[in-house]
Amino acid sequence: MSSLAMPAPEAATLARRAEIVAALRAIVPGEGTVDHETGMRPYETDGLTAYRQMPFVVVLPETVEQVAAVLRYCHENNIRVVPRGAGTSLSGGALPLADAVLLSMMRFNRILDIDFDNRTATVQPGVTNLAVTQAVAHAGFYYAPDPSSQIACSIGGNVAENSGGVHCLKYGLTTNNVLGLEVVTIEGEVLRFGGKHLDQEGYDWLAFMVGSEGLLGVVTEVTVRILRSPETARAVLIGFPDAEDAGRCVAAIIAAGIIPGGMEMMDRPAIHAAEDFVHAGYPRDVDALLIVELDGPQVEVDHLLGEVERIGRAHGATHCRVSESEEERATFWAGRKAAFPAVGRISPDYMCMDGTIPRRELPTVLKRMAELSQKHGLRVANVFHAGDGNLHPLILFDANEPGELDRAEAFGADILRLCVEVGGCLTGEHGVGVEKRDLMDAMFSEDDLKQQQRVKCAFDAGHLLNPGKVFPTLHRCAELGRMHVHHGQLPFPDIPRF
Ligand SMILES: Cc1cc2nc3c(=O)[nH]c(=O)nc-3n(C[C@H](O)[C@H](O)[C@H](O)COP(=O)(O)OP(=O)(O)OC[C@H]3O[C@@H](n4cnc5c(N)ncnc54)[C@H](O)[C@@H]3O)c2cc1C
């Protein structure tokens, strides 16, 4: 386990544990409040297992009234709260704190409304991503954002992390598919943003909320857009002896005006790991593999497949295989979707990074990443949402070997700095959490970070919701609101002050 600086526990909270547990149990009775070690153990970490912390107490509310009452109580008593969905975050967003109530939303598991006329589904936040598609599939609809973790991760977590997946290149991330939210603030106020309609009056609060990593409020209801399933979808495997050529091919496909339903890339170690695990039919004699999916009307798909194959060959592809059945298409994707666990079989531990780069920089970044692998003496397997420029380098290490975790972290930090250096950003879809928190200053100036914290202060002035995540240092809200008066001259003197 690596060391990580987190906010020091509040001694006053720790000293009142029995009283706080009793108060929470009065709000969420029975098994809804868990304070014993064995019951809390499953919550001590999330998908970023390098970090662990037993929660102070776990609360599993079932109603919005209970969520509001828990938050109001915590606000009045200055108690920290960590919201949690399914706990699959790869950035440590749901990592507990020693003095924080862990607020699990997994009992909010009902589909509330399906409206095919308006093409929306309204669900509680604990519903899994895949369950939304399963609920509408019988009528030929689906929910487009499809994280690889979709069988387990919750819609509430997807909203908090602005999650993405294979289909987000064409259909957008979570933020492009959420139409309405119900959110409870730390003060226990229930807010509603958006609805079943496109766009909303006033400020774009949905945009603030989606991707806010549990720092601004607790999501209690989500309305998403559902789409008609495409008439046809076919995938093609395109193998390259040279990974940089594969990178160029990705840019060329988009530049030709083709937006595939998905365009993923795997390098040699990832191809071999996935093929050994799933037998997806991947070629073993290539250095990079693209999986490109075209969806839409049959005639369009057939035409574009030919175009993509032509562009691939022009960039040096030595292997092209188009799926001939729905079963074969699913098999092609099975390898990609199982790439993380497949890599888990070839290394005792791995760390998944999540930087994003402009697509044209793929060849450069691949080359520099190979150099960084040499520098840090650790192997890396690459799996990308190539069309979005969203990289998922999997750094392989052995946590039982002294110093390897530290080296893996240093390697990961170098990769993320490289992403920023070439004009990209620290995260594509996994969020900042604790994992990238201390790298935020590679991307943002101190003033940028202060501006972001002013938004946090507007919702949660006491920094009670998910503290220690996203921001490398916390400024007191009063300090951020302070006005700088220079030589007695008020800035913007004609603006009214309240
Ligand atoms: C094998 C694997 C593959 C993955 N593949 C992908 C992928 O392809 N694409 C992708 O984007 N991610 C992927 N992830 C990461 C993860 O699944 C997503 O970030 C997911 O959205 C997290 O959902 P969760 O329900 O598990 O949330 P949690 O891990 O429980 O929480 C994540 C964050 O959301 C906050 N949160 C949770 N619920 C709420 C709520 N109701 N209100 C307010 N805040 C809340 C938490 O405080 C935390 O900050 C993968 C993870 C794994 C383990």
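Residues numbered from 1 in each chain as written. Predicted model: local features only at pLDDT ≥ 70, side-chain atom pairs only at ≥ 80, totals over all residues.

As named in an unreviewed UniProt entry, the protein is FAD-binding protein, taken from Acuticoccus mangrovi. The UniProt entry for the protein carries the following text under Cofactor (unreviewed entry): "FAD". (UniProt positions renumbered as here; feature names shortened; annotations may be inferred.)

Caption draft 1: Spotlight on the overall build of the protein. When you go through the protein residue by residue, the secondary structure sums to 18 helices and 18 strands. The C-alpha radius of gyration computed for the protein amounts to 24 Å, which stays within 12% of the reference 23 Å derived for 498 residues, consistent with globular compactness. Dimensions of the protein, computed from C-alpha atoms along their principal axes, come out at roughly 65 × 60 × 55 Å. Taking all 498 residues of the protein together, 48% fall into the buried category. (Helix = DSSP H or I, 4+ residues; strand = E, 2+ residues; numbered from the N terminus. Rg over C-alpha atoms; globule rule 2.2 N^0.38 Å. Buried ≥ 20, exposed ≤ 12 C-beta atoms within 10 Å, placed from the backbone.)

Caption draft 2: Representation of the packing of helix α9 (residues 243-255) against helix α14 (residues 362-376) within the structure. Contact pair α9 / α14: the axes reach a minimum separation of 8 Å and the direction vectors enclose 155 degrees. Taken as axis vectors, α9 and α14 run roughly antiparallel relative to one another. Of the two elements, α9 crosses α14, and the hand of that crossing is right-handed. Across the interface between the two elements, Ala243, Glu244, Gly247, Arg248, Val250 and Ala251 of α9 pack against Leu362, Pro363, Leu366 and Lys367 of α14. Counted by class, the contact of α9 with α14 contains six nonpolar, one polar and three charged residues. (Axes fitted to C-alpha atoms, helices over the stretch in contact; angles between N-to-C directions. Parallel < 35°, antiparallel > 145°, perpendicular 65-115°, else oblique. Left-handed = near helix turned anticlockwise from the far one by under 90°. Contact = placed C-beta atoms within 7 Å. Nonpolar A, V, L, I, M, F, W, Y, C, P; charged D, E, K, R; others polar.)

Caption draft 3: Up close: the domain arrangement of the protein. Under the domain assignment, the protein is made up of domain 1 (11-104), domain 2 (111-228) and domain 3 (436-498). Computed over C-alpha atoms only, the centres of domain 1 and domain 2 are separated by 24 Å. At the interface, 14 residues of domain 1 touch 19 residues of domain 2. When residues in the side of domain 1 that touches domain 2 are grouped by element, the largest group, seven residues, is from helix α4 (residues 64-76). (Domains from an automatic or database assignment.)

Caption draft 4: The site of the ligand, seen in detail. Near the ligand you find 36 residues, and of these Gly85, Gly93, Gly156, Gly157 and Gly214 are the closest. Secondary-structure elements contributing two or more residues to the shell around the ligand are β3 (80-84), α6 (155-161) and β10 (218-225). A per-class count over the shell around the ligand returns 13 nonpolar, 18 polar and five charged. (Near = placed C-beta within 6 Å.)

Caption draft 5: Highlighting the sheet that holds strand β8 (residues 178-184). Reading across the sheet, the five strands line up as β5-β6-β10-β8-β9 and stay open at both edges, with antiparallel pairing between neighbours. Each edge of the open sheet carries a strand with a single partner, namely β5 (111-115) and β9 (190-194). Pairs of neighbouring strands in the sheet enclose a mean axial angle of 10 degrees, with direction left out of account. Bridge count for β8 against β9 is five bridges, and the pairing is antiparallel. Following the sheet pairing, Leu181 is matched in β9 by Phe193. (Pairing = 2+ DSSP bridges.)

Caption draft 6: Local environment of the UniProt feature "domain: FAD-binding PCMH-type" (unreviewed entry) in the protein. Cross-referencing UniProt, the feature "domain: FAD-binding PCMH-type" (unreviewed entry) maps to residues 51-229 in the present numbering. Secondary structure content for residues 51-229 is 21% helix and 26% strand, and the end C-alpha separation is 40 Å.

Caption draft 7: Layout of helix α15 (residues 404-421). Taking 1.5 Å per residue as the helical rise, α15 with its 18 residues ought to reach 26 Å, and the 25 Å between its terminal C-alpha atoms agrees with that figure. Within α15, burial applies to Ala408, Phe411, Gly412, Ile415, Leu416, Leu418 and Cys419. Axial view of α15: buried residues confined to an arc of 155 degrees, hence all on one face. If you follow the buried residues of α15, they end up packed against β16 (349-352), α14 and β18 (390-397). At the C-terminal side of α15, Gly423 shows a positive phi close to 100 degrees. (Expected span 1.5 Å × (residues − 1). Arc of directions from axis to C-beta.)

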